[in-house]
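As a plain string of letters, each chain reads:
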Amino acid sequence: MQETAYVSVGDIKPTTQLNELLEKVAEHKGCGTSGGSGKASCGSSDGPEDMDPEVWEKVKNHPCYSEEAHHHYARMHVAVAPACNIQCNYCNRKYDCANESRPGVVSEKLTPEQASKKVLAVASTIPQMTVLGIAGPGDPLANPEKTFKTFELIAKTAPDIKLCLSTNGLTLPDHVDTIAGFNVDHVTITVNMVDPEIGQHIYPWIYYKKKRYTGIDAARILTERQMQGLEMLTERKILCKINSVMIPGINDKHLVEVNRAVKSRGAFLHNIMPLISAPEHGTVFGLNGQRGPTAQELKALQDSCEGEMNMMRHCRQCRADAVGLLGEDRSAEFTTEKIDAMEVVYDAETRKAYQETVEQERQATVAAKNAEKEQLAKLADAEGISMLIAVATKGHGKVNEHFGHATEFQIYEATAKGAKFVGHRRVDLYCQGGYGEEDSLQTVIRAINDCHAVFVAKIGGCPKDDLKKAGIDPVDKYANAFIEQSAISYFMEYVGKVQSGEIVHQARGDADIRQGAFTAAAA
Ligand code: CLF
Ligand code: SF4
């Protein structure tokens, strides 16, 4: 392995003025200064007041472990782990680990030294980048030397960055002490089954202790090792997130049992993700026509598990070299070539100061939502009315994206209890530089067809008319306002109209979308 070529703390140049940095950073798409703590909702609304302070410290600025934090804080991955020790039927080894990556995307593989340098470059450019994850392109724990060397380098040079790891779990029990030794607070295990009968349809083989196992034997060893690793981590108070890939007809019903099994072993969060499968990915499932779930099927399963434990619904199935807020991809700004030409100015104090401004604005978001909720409490006879609202946003917890520029819409459910993030829909870009693409508009409409309204910062006349014809209310009056506050306000107005007889409430049908179907623009 080649020796250290990363930037050490002693090499780092003095900080630029905070204001200059704030301005510079604000120019970047999606980097926001608006947001602040109050509540971390991982699907739940747990916050500092109803969470163990130690846990709160760990989740409050982790964009995957707190739904609310994901509007404000960014993560990055470094692709240092190429090998894998199992085979999943939804994975093609030509691409990255599909447990935490979109199939069909290949990352630039890095040495630990290159990775460490990249982390400093990103941290100095994006001060709200708080988490470094290793999630592939194979399995991080099938590449323990590279994974832990990377952690070692980063812990030395950028100790304010949280370390995060995602694994298939096969060798996890062997590495728990090392993981704890590096103060890794967040570990994800992909658990698609706890029943080897089901597992044999997902995993054709595993490679364990220098031997290849197939069928039920392979699945049995895998599930035993995953559960053992989970128990060992939670005993050490390391927060565990469970990722599960929902595969209709194979493990969709069984995932309720998985949810119970991981909850009973102390998992903190459950992230049920849709299978993304297409013949061009060359996976077993892609080639044999295995479909992924629809948005409604996914939501129904997540809803049914929600009483059991916190559910993550804001996962973007990001790349093994993802950089930025969840849902945006800035990895192209940080190629090895570009980093070599970059002047890295990493200063922990500047980062801290920036994150304090993020916290203040985050608190403003929570305060605005709570004020609106107080009004909502006064609303009578709204039980039974619920609606989905699609929101165009580029971060900050605000309605701040133009309809034509959106490559995804965040979906909020508004009821008499408040507004809750329930998912996102990827779409093809409508605006093609001066004109609107009619085909794209139709795919957008199909993707959000179960929503009563779409909130946007701006929208042109043509898409507005087509949305109205499809029964979706295009709303631009909340431009730059906080999302949840706006959703509650819209809901109250709507209920008022229903109660006055001006309109009749009608539930919307299902959106015509397979989860993960519109991936081209986002990948
Ligand atoms: Fe990366 Fe995963 Fe850590 Fe997050 S991602 S290793 S926990 S820092 Fe997050 Fe990306 Fe979903 Fe993963 S959105 S794919 S859940
Ligand atoms: Fe692919 Fe990841 Fe499964 Fe390994 S663990 S086969 S890299 S999806």
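Attention here is on the structure that accompanies the text. (Residues numbered from 1 in each chain as written. Chains lettered and ligands numbered in written order. Predicted model: local features only at pLDDT ≥ 70, side-chain atom pairs only at ≥ 80, totals over all residues. Heavy atoms only, no water.)

## Details of the overall build of the chain
When helices and strands are counted, the chain shows 15 helices and 16 strands. When contacts within the chain are restricted to residue pairs at least 6 apart in sequence, those whose partners lie at least 24 apart make up 75%. Just so you have it, the chain exposes about 20600 Å², and 49% of that area is on carbon and sulfur atoms. (Helix = DSSP H or I, 4+ residues; strand = E, 2+ residues; numbered from the N terminus. Contact = heavy atoms within 4.5 Å. Areas by Shrake-Rupley, 256 points an atom, 1.4 Å probe, with all protein chains shown as cover.)

## Focus on helix H5 (residues 172-181)
For H5, the complete set of buried residues consists of Leu172, Pro173, His175, Val176 and Ile179. What you see down the axis of H5 is that its buried residues fit within an arc of 150°, all on one side. Turned more than 90 degrees away from the buried face of H5, the exposed residues are Asp174, Asp177 and Gly181. Packing partners of the buried residues in H5 comprise helix H4 (144-157), strand E4 (162-167), strand E5 (186-190) and helix H7 (215-235). Phi turns positive one or two residues past the end of H5, at asparagine 183, with a value near 55°. (Buried < 20%, exposed > 50% of the residue type's maximum accessible area, 1.4 Å probe, protein only. Arc of directions from axis to C-beta.)

## Some remarks on the side chain of asparagine 243
Structurally, asparagine 243 can be placed in strand E8 (residues 239-246). Here asparagine 271 takes part through its side chain, which lies 2.9 Å from a polar atom of the side chain of asparagine 243. (Polar contact = N/O pair within 3.5 Å; in protein donor to acceptor, adjacent residues only side chain to side chain.)

## Notes on the environment of alanine 180
Among the secondary structure elements, alanine 180 is positioned in helix H5. When neighbours within four sequence positions are excluded, alanine 180 is seen to be in contact with Arg236 and Ile238.

## With respect to the site of ligand 1
Contacts to ligand 1 come from 16 residues, most closely from Cys64, His77, Cys164, Cys315 and Cys318. Residues of the shell around ligand 1, tallied by class, amount to seven nonpolar, five polar and four charged. (Near = heavy atom within 4 Å. Nonpolar A, V, L, I, M, F, W, Y, C, P; charged D, E, K, R; others polar.)

## Details of helix H13 (residues 438-447)
Those residues of H13 that fall on the buried side of the exposure criterion are Ser440, Leu441, Thr443, Val444, Ile445 and Ala447. Where the residues of H13 are buried, they touch strand E13 (408-415), strand E14 (418-426) and helix H14 (461-469).

## Comments concerning the nonpolar core
Judged by nonpolar contacts, the single largest core of 54 residues is most densely connected at Val78, Met129, Leu132, Ile179 and Leu233. Sort the elements by how many residues they give to this core and helix H3 (residues 112-125) lands first, with six residues. What leucine 233 contacts, discounting residues up to four positions off in sequence, is Leu172, Val176, Ile179, Val187, Ile189, Ile238 and Cys240. Membership of the second largest hydrophobic core comes to 32 residues, among which are Val55, Cys91, Leu239 and Met312. (Core = buried A, V, L, I, M, F, W, Y, C linked by side-chain atoms within 4.5 Å.)

## Considering unusual backbone geometry
Omega for the bond connecting glycine 136 with proline 137 falls within 30 degrees of zero, at 10°, which places this linkage in the cis form. Checked against the element boundaries, proline 137 lands in the loop between strand E3 (129-134) and H4. The backbone of asparagine 183 shows a phi angle near 55°, a positive value even though the residue is not glycine. Position of asparagine 183 relative to the elements: it lies in the loop between H5 and E5. Phi at histidine 396 takes a positive value of approximately 75°, unusual for a residue other than glycine. With respect to the helices and strands, the residue histidine 396 is situated in the loop between strand E12 (387-391) and E13. According to the relative accessible area criterion, histidine 396 is buried, its value standing at 18%.

## Quick notes on the sheet that holds strand E2 (residues 86-87)
What links the strands of a sheet is backbone hydrogen bonding, and the strands pair in either a parallel or an antiparallel sense. The strand order across the open sheet formed by three strands is E2-E6-E7, and the pairing between neighbours is antiparallel. What marks the edges here is a single partner per strand, and that holds for E2 and strand E7 (211-214). As paired strands, E2 and strand E6 (residues 205-208) are joined by two bridges and run antiparallel to one another. Counterpart to isoleucine 86 in the pairing with E6 is isoleucine 206. Where H7 meets the sheet, it contacts E2, E6 and E7, and its direction lies at approximately 105° from that of E7. (Pairing = 2+ DSSP bridges. Axes fitted to C-alpha atoms, helices over the stretch in contact; angles between N-to-C directions.)

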